[in-house]
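Chains, contacts and geometry: an overview
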Amino acid sequence: MNKRAFLKSFGLATASASLLGFDFKSNSPAATLFPKAIQKGDTVGIISPSAATADRMEFTYAKEAMEALGFKVKVGENFKNRFGHLAGTDEERAGDLNAMFADPEVKAVICLRGGSGAARILPMLDYETIRKNPKPLMGYSDITALHCAIQSQTGLTTFHGPNGSGSWNSFHVKQFQQLFFEKKLMTFQNEVTKGDDLVAKGNRIQTLKSGTASGRILGGNLTVLSALSGTPYYPDFQDAILFIEDVGEDPYRIDRMMSTLQLNGTLSKIKGFIFGQCSDCKPGGGYGAFTIDQIMDQYVLPLGIPAYIGAMIGHIPRQFIVPVGAKVSMNADTGTFVMLEPIFG
């Protein structure tokens, strides 16, 4: 995600939070907590916990998309604020998220966009209120910071999926309706596209290691996830299925981040591995650059666990809505993962 500035700002924010007396809680495993079910006619809250947007129409797109899904919409008090590259100060952005979880009228929380900055607000979130008012929260990319923190501090299942201002095409709408309204135990399998080519090439998966595995599915954007390593907001990956994705990163950076997951013990704990799509992650200039395939082979194959790459997860037009923290069964040969239990309380 090209977030060198993000890594620095998160370090400064963490240090500042410590000095200001914010309570950092341990990242010991939290009991599983399911969000309450939602239905058409409910009110959803839209917040902007990360970067600001320069396009005012994004606010309109997000509101209209939620209304088209059948919801009433409430926007955060600081929804359109701006502070540097961020959508308001840390206090304002954290305040909007806390307010949405505390508001009994709001039944789900949708993030407007990603970008960077969500990690800065993690020490300011009211995890006790979130725990007492479990609601679906959805977004992806930088929103990985929220998924990880809420998972580690409360055990609440959240949703790695389209942001409010993103594409709400027929694929996303159908998935959303099946998952949230029909409450199906979803099977996540790529839509392979052939087009006019002799062989199908779109959304093909590669099996790295055959087999099946079951566990809680955890992860998200690799840049954001690796940046949380060593903090109280990093989830416990013991016996989990790890899923990751990224965008706009040179392979040497992917290598560095996979090294972090190896060094912090994450890779040795997991039972299965799913790599989504790394958009615009081609080797740059220089001699002897690794490819993404080579990096995955080096870090994942020695684990000897079921693994595949190419899942429809990431910065792509049609992406899965992944229930973060839910129990799933994955099949590396078919490139699928299936929900094993209902996820709504």
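Residues numbered from 1 in each chain as written. Predicted model: local features only at pLDDT ≥ 70, side-chain atom pairs only at ≥ 80, totals over all residues. Heavy atoms only, no water.

**What to know about the sheet that holds strand 5 (residues 158-160)**
Pairing is mixed across the open sheet formed by 6 strands, whose spatial order is 2-1-3-4-5-12. A single partner strand is all that each edge strand has here, and the edge strands are strand 2 (72-75) and strand 12 (322-324). For this sheet the average axis-to-axis angle between neighbouring strands, irrespective of direction, equals 25 degrees. Where strand 1 (residues 43-47) meets strand 2, 4 bridges bridge the pair, whose relative direction is parallel. Residue pairing across strands places Gly45 opposite Lys74, the latter belonging to strand 2. Across the sheet, helix 3 (residues 90-102) is in contact with strand 1, strand 2, strand 3 (106-111) and strand 4 (137-139); its angle to strand 1 comes to roughly 170 degrees. (Pairing = 2+ DSSP bridges. Helix = DSSP H or I, 4+ residues; strand = E, 2+ residues; numbered from the N terminus. Axes fitted to C-alpha atoms, helices over the stretch in contact; angles between N-to-C directions. Contact = heavy atoms within 4.5 Å.)

**Examining the UniProt feature "domain: LD-carboxypeptidase N-terminal" (unreviewed entry) in the chain**
Mapped onto this numbering, the UniProt entry annotates "domain: LD-carboxypeptidase N-terminal" (unreviewed entry) at residues 44-161. For residues 44-161, the helix share is 36%, the strand share is 17%, and the end-to-end C-alpha distance is 15 Å. (UniProt positions renumbered as here; feature names shortened; annotations may be inferred.)

**Considering helix 8 (residues 251-263)**
Each turn of an α-helix holds 3.6 residues, which means side chains three or four residues apart point in the same direction. The first and last C-alpha atoms of helix 8 sit 18 Å apart over 13 residues, in line with the 18 Å expected at 1.5 Å per residue. Among all positions of helix 8, only Pro251, Arg253, Ile254, Asp255, Met257, Met258, Ser259 and Leu261 are buried. (Expected span 1.5 Å × (residues − 1). Buried < 20%, exposed > 50% of the residue type's maximum accessible area, 1.4 Å probe, protein only.)

**Remarks on the state of the cysteines**
Summed over all chains, the structure comprises 1 disulfide. At a sulfur-sulfur separation of 2.1 Å, the disulfide partner of Cys278 is Cys281. Taking the sign of the torsion about the S-S bond as the criterion, the disulfide between Cys278 and Cys281, at about -70 degrees, is left-handed. A relative accessible area of 18% places Cys278 in the buried class. Unpaired in this structure, Cys111 has its nearest cysteine sulfur neighbour in Cys148, at a distance of 13 Å. Taking the relative accessible area as the measure of exposure, Cys111 reaches 0% and is therefore buried. (Disulfide = S-S within 2.5 Å.)

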